[in-house]
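Single-letter residue listing:
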Amino acid sequence: MPVLRSIRERFGEQRPLAGITVGACLHVTAETAGLVTALTAGGAQVALCAANPLATQDAVAAALAQLDGVEVFARHGEDLDTYAGHVADVLDRAPSVTLDDGADLLVTLHAARPDLLKGMLGGTEETTSGLVRLRAMQADGRLVVPVLAVNEARAERVFNDHYGTAQSTLDGILRATNLLLAGRTIVVLGYGPTGRGIALRARGAGAQVVVCEIDPVAGLDARMEGFEVMPSLAAAERGDVFITVTGAPHVLGAQHFARMKDGAVLANAGHFDVEIDLGALREAAGGAGGVRVRPLVDQFRLPDGRSLNLLASGRVVNLAAGEGHPASVMDLSFALQALSVEHLVAGEGTLGPGVHPVPDDIDREVARLKLASLGVELDELTAEQRRYRRSWE
Amino acid sequence: MSATESRTLTDFKVADLSLAEFGRKEIRLAEHEMPGLMRTREEFAAAQPLKGARIMGSLHMTIQTAVLIETLTALGAEVRWVSCNIFSTQDHAAAAIAVGPNGTPEDPQGVPVFAWKGETLEEYWWCTEKALTGFSGDPELGPNMILDDGGDATMLVHKGTEFEKAGAVPDPAGAESEEFKVFLTLLQKSVAENPNKWTKVGEDILGVTEETTTGVHRLYELARDGELLFPAINVNDSVTKSKFDNLYGCRHSLVDGINRATDVMLAGKTAVVCGFGDVGKGSAESLRAQGARVIVTEIDPICALQASMQGYQVARLEDVISSADVFITTTGNKDIILVDDMAKMKHQAIVGNIGHFDNEIDVAGLEKAATRINIKPQVDEWKFPDGHTIILLSEGRLLNLGNATGHPSFVMSNSFTNQTIAQIELFTKNDDYDKQVYVLPKHLDEKVARLHLDAVGVKLTELRPDQAAYIGVPVEGPYKPDHYRY
C-alpha cells in the first residue's frame, strides 16, 4: 500500500491529527490496519469497530489492539447485539471525526447520542449504501455534521468499485462454489460501477451475462456494452448465478425463487444483507433453513425438489467468501480517507452540515501518489495549451 | 514480363483503365503490409522457380491479389486472372494489373485480367473461360497450373472434361440454380464449338492450389470419387491460412462491411452468427467488441460448446428470428436463412453472408416473396407484403468483400505466401504428387509465419538443444505434430 505509506510518512512528520479522536467503523482487515496506523502516525487516537461481523480478521484485530493509541472492538462472527455494543463502545470515546462504511456510526450518533454531535468536525463515508442513508437523513433535515463522500471520489469510483469489488466478488463466488464460469449464465442485478465491473469480468471468463436494471441510463449502457438486459423476473428463469449489487432491499424475492433453475447460486455483492430476501427464501424452503453443503454455501431445498444455493448468508460475498478488495485498491480508498480526515481537521467546522464531495485536489493527490508508486509519468499541459483552453475566442 | 519485352496488352477486360494509377499506389502500400510475399520474391528472384509455369488464377481481384499476381510473375510465371466472385473485384486493382508497373493506360503491358465489380453470371463465366485459354498468345493454349479460390476454375475444367467424355451437356433448363444454368449454357456452347477443348486443357494441368474451405471440400469429393484430374494442394488448411485469414481476416472485415453498407450502430444490437467455425468465431468476436450481443447457432456440439464457454448464447435460429437485429451466415452450408425466416424478422433487420458462396441466404425465395428497393450498390432493402423490410447485403454474397475491401493485406500475405509456396512446390516437384489432395508440410507453414514476424516486431525465443531434445523436436522445427490444432 505505497500511497498510504507515503501519507503515513508525511503525517508522522507533520502530525496534522494531533489531539484528534477518530471513531472508525470499517471492515477490520489487514488493509484497514494500514489506514489506522497512518491516522495514529498523524497524532490521532483511533477507536475501531467492525462494519460487518463476518469481515473481521481476528488476527488483524488483535495486532491493532497492541498499538499505542488504538482500541479495537471487533470479533469475527459476532452476533448483532455484540455488534451494536461495539458501535456504542466506539461512540463512548466521543470521536470528533468518524469514518464509516455503511453509516452505522453517524446514524447511531444522530439517533442515540445527539449529545456527542456538538463537538464533531465531521465524518467520511466509504460506501454507496451508507451515502444513501446519509442523504436520506439530510433530506429529512436530520444530518447536522458535514460528511465527505469518499465513495464518490474519482479515485475511489474507478478503482474500488469497478476494479476492487468486481474482482473480489467473482473471487468470493469462485472460492465458495468452485464453479466454472465459462458457459454459465450470470445475472448481475444492478449496473453501477461495481455491477459493470462484475459483468465485464464474468464475460471475460466466458460467462453469458444478463443485466437487470431500474435506471434507463444504466440499462442502456449495459445494452450498448453488449449485455442482455431484461427484468429480473425473466432473468430468474435463465440464470445459473445471481449477483445482487444494487443497494436496494429484496432485489431477489419469492417470485424469483419460484422461477429459478435447480442449483441456482445466489450471491450478494451489495453492502448490506438485505438484497436477497432471506425470509422469503426460508419460506420458499418450507420454513426450513439452509443445509450447509460447503463452508459459506447454504442449500435451500424447495418442496418441488429444486435447490437454491445461498452464499455467505446473503452477506457481501467479496468480503465474506473472498478477501475483499486487494490491498492496492484499498490503498487508494484509505488514502482518500486519511486525506479526508486531514481536510476535516484542517477545516475546523468550516464545512456546513450535509454530504459533500471529496475536494478534487485530494483526488488528484491520491492518483498522483499512486502513479508515482507505479513509476508512471504523465504529460503536462504546455503554457500554450493552457492558454488555449482558457481562451474563448 | 520484363520491361524490355514491351508489347501492348489487348487481351483483358476491366472496368476502367484510368483507375490504374490509384491501383498502383495502393499496391505500393500493400506491398509494405505483405512481407511474406515480398520476402518470397527476394528469396526466389534468382532461381525463377515458376519459369515455364502458366498459371490461371481465379481469386478475388483485389489489391492484395495484385501483389500475389506480381509475385508469381516475378518468380517467372505467365499468369491470366479472374475474380472468383461477381462483386469482389476492386476495379482499380484490376486496372493496375492490366496496365502493369511499366505500362500506361494507353499502352497497357501487364497481366491479362478479366474482372470487374458487378459482373453478371454470364459475364463471370465468360471471364473464367477467357482466363483458362489464350496463354502465350495462343487462343487454344490453357494453363499448366491453376490457383483457385472456391474451385470454380477447377470445376469448369472437370465438368467440361466430364461432359465431353459423355458427349453431351445436361439441359440447362433442369439446373437447380440460376448460376448452374448459366454454367451449363456456357459448356453447351463450348462443347458444340470444340468437343475436345476442356479435355485438352485438363491434360496440360499439373496441379491446382486451392484457397478456401468450399473449394477444398469439392476437391476432396473429386479425389474420393477418383475423378480428380490432377494433384491439388489444400492451402486453406495451412494453419497460417485458415486460422489467420478466416479468423483474423473476418474479424477485421465483417464489421467494416456492415458499417460501410448501413452505418448502423452495432452497440446495443443483437446479432446472430450462424456457424462457429473459424469464420464464425472471428465474426462473433468482432460483433461483440462493437457492443453487440451475439447469439450463435450451430449444428456441431463441439463448436456449440466452444461458443457457450466463450459466453455466447447458443440458440436455434427459429427461436431468435424475430428478436435479433443482425444475421450473419458463416457456415459453408446452404439454405441457412430461408425466405420464411426473413418474413419473421424485425423491420430493417440486416442480413448478410460471409461464407464463400451465395447459397446460405435464400435470395431466390426473397425474389418471389418480397419487393426489392435498391439503396446503393450491394445494399438492398426487401419489402414484404406486410410492410416490414429486411436489408440484404451484397445480394447474399460474401459481404466483407462486397461491402468492404475484404481481408487486410497482412492477413492475405499469410494466405498468399502459402499459395506461392504451394505453386512452387507443385510445379517444381510435380512427380512427387499423385491425383490426390495434399496439405503443405508443417515446416513450410512455419516458414510462412516466420516471414511475417519481423514486420510485427516479434522476437522469437530459440529452443536450446537440450530443451529441443526434451520435447523431441528439432531446434529449427517443425515444432508441432501434424494433428496439433493450435
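Residues numbered from 1 in each chain as written. Chains lettered and ligands numbered in written order. Predicted model: local features only at pLDDT ≥ 70, side-chain atom pairs only at ≥ 80, totals over all residues. Heavy atoms only, no water.

A. Broad picture of the sheet that holds strand β15 (residues 354-357) of chain A. Residues and elements named next belong to chain A. Pairing is parallel in the open sheet, where 7 strands are placed in the order β3-β2-β1-β4-β5-β6-β15. Of all the strands in the sheet, just β3 (70-73) and β15 have a single pairing partner and so form its edges. With strand direction ignored, the average angle separating the axes of adjacent strands in the sheet is 20 degrees. As judged from the 3 bridges shared by strand β5 (residues 122-125) and strand β6 (residues 146-149), these two strands associate in the parallel manner. Bridge pairing in β6 places Gly-123 opposite Val-147. The strands touched by helix α3 (residues 58-65) are β2 (45-50) and β3; relative to β3, the strand with the most contacts, the crossing angle is about 150 degrees. The strands touched by helix α14 (residues 327-347) are β1 (21-26), β4 (97-100), β5 and β6; relative to β4, the strand with the most contacts, the crossing angle is about 155 degrees. (Pairing = 2+ DSSP bridges. Helix = DSSP H or I, 4+ residues; strand = E, 2+ residues; numbered from the N terminus. Axes fitted to C-alpha atoms, helices over the stretch in contact; angles between N-to-C directions. Contact = heavy atoms within 4.5 Å.)

B. A look at the side chain of Asp-101 of chain A. Residue and element names in this part refer to chain A. Positionally, Asp-101 belongs in the loop between β4 and α5 (104-112). Nearest to the buried, unbridged Asp-101 among oppositely charged side chains is Arg-133, at 9.5 Å. Reaching out from Asp-101, the side chain makes a polar contact with the side chain of His-27 at a distance of 3.4 Å. Discounting chain neighbours no more than four positions away, the residues touching Asp-101 are Cys-25, Leu-26, His-27, Ala-51, Glu-125, Glu-126, Thr-127 and His-271. (Buried < 20%, exposed > 50% of the residue type's maximum accessible area, 1.4 Å probe, protein only. Lys, Arg positive; Asp, Glu negative; His and termini not counted. Salt bridge = Lys/Arg side-chain N within 4 Å of Asp/Glu carboxyl O. Polar contact = N/O pair within 3.5 Å; in protein donor to acceptor, adjacent residues only side chain to side chain.)

C. The environment of Pro-16 of chain A, seen in detail. Residues and elements named next belong to chain A. Note on placement: Pro-16 falls in the loop between α1 (2-14) and β1. Classification of Pro-16 by relative accessible area gives partly exposed; the value is 24%. A C-alpha to C-alpha distance of 56 Å links Pro-16 and Arg-301, two positions 285 residues apart in sequence. Among all residues touching Pro-16, those that are not within four sequence positions of it are Phe-11, Gly-42, Glu-342 and Val-345.

D. Looking closely at the packing of aromatic side chains. What the rule picks out here adds up to 9 aromatic pairs over all chains. When the ring of Tyr-191 of chain A is compared with that of Phe-227 of chain A, the centres are 6.0 Å apart and the planes differ by 65 degrees; the resulting orientation is edge-to-face. Highlighted residues: Tyr-191 of chain A in the loop between β7 (185-189) and α8 (193-204) and Phe-227 of chain A in the loop between α9 (216-224) and β9 (228-229), separated in sequence by 36 residues. Between the aromatic rings of Tyr-124 of chain B and Trp-125 of chain B, the centroid separation amounts to 5.2 Å while the plane-to-plane angle is 90 degrees, which identifies the pairing as edge-to-face. With relative accessibility at 2%, the residue Tyr-124 of chain B sits in the buried group. Taken together, Tyr-124, Trp-125, Phe-180 and Phe-183 of chain B form an aromatic cluster joined through their ring pairs. Over the face of the ring belonging to Phe-135 of chain B we find Arg-80 of chain B, whose NZ or CZ atom lies 5.8 Å from the ring centre. (Phe/Tyr/Trp six-rings, centres within 6.5 Å; stacked < 30°, edge-to-face > 60°. Lys NZ or Arg CZ within 6 Å of the ring centre and 35° of its normal.)

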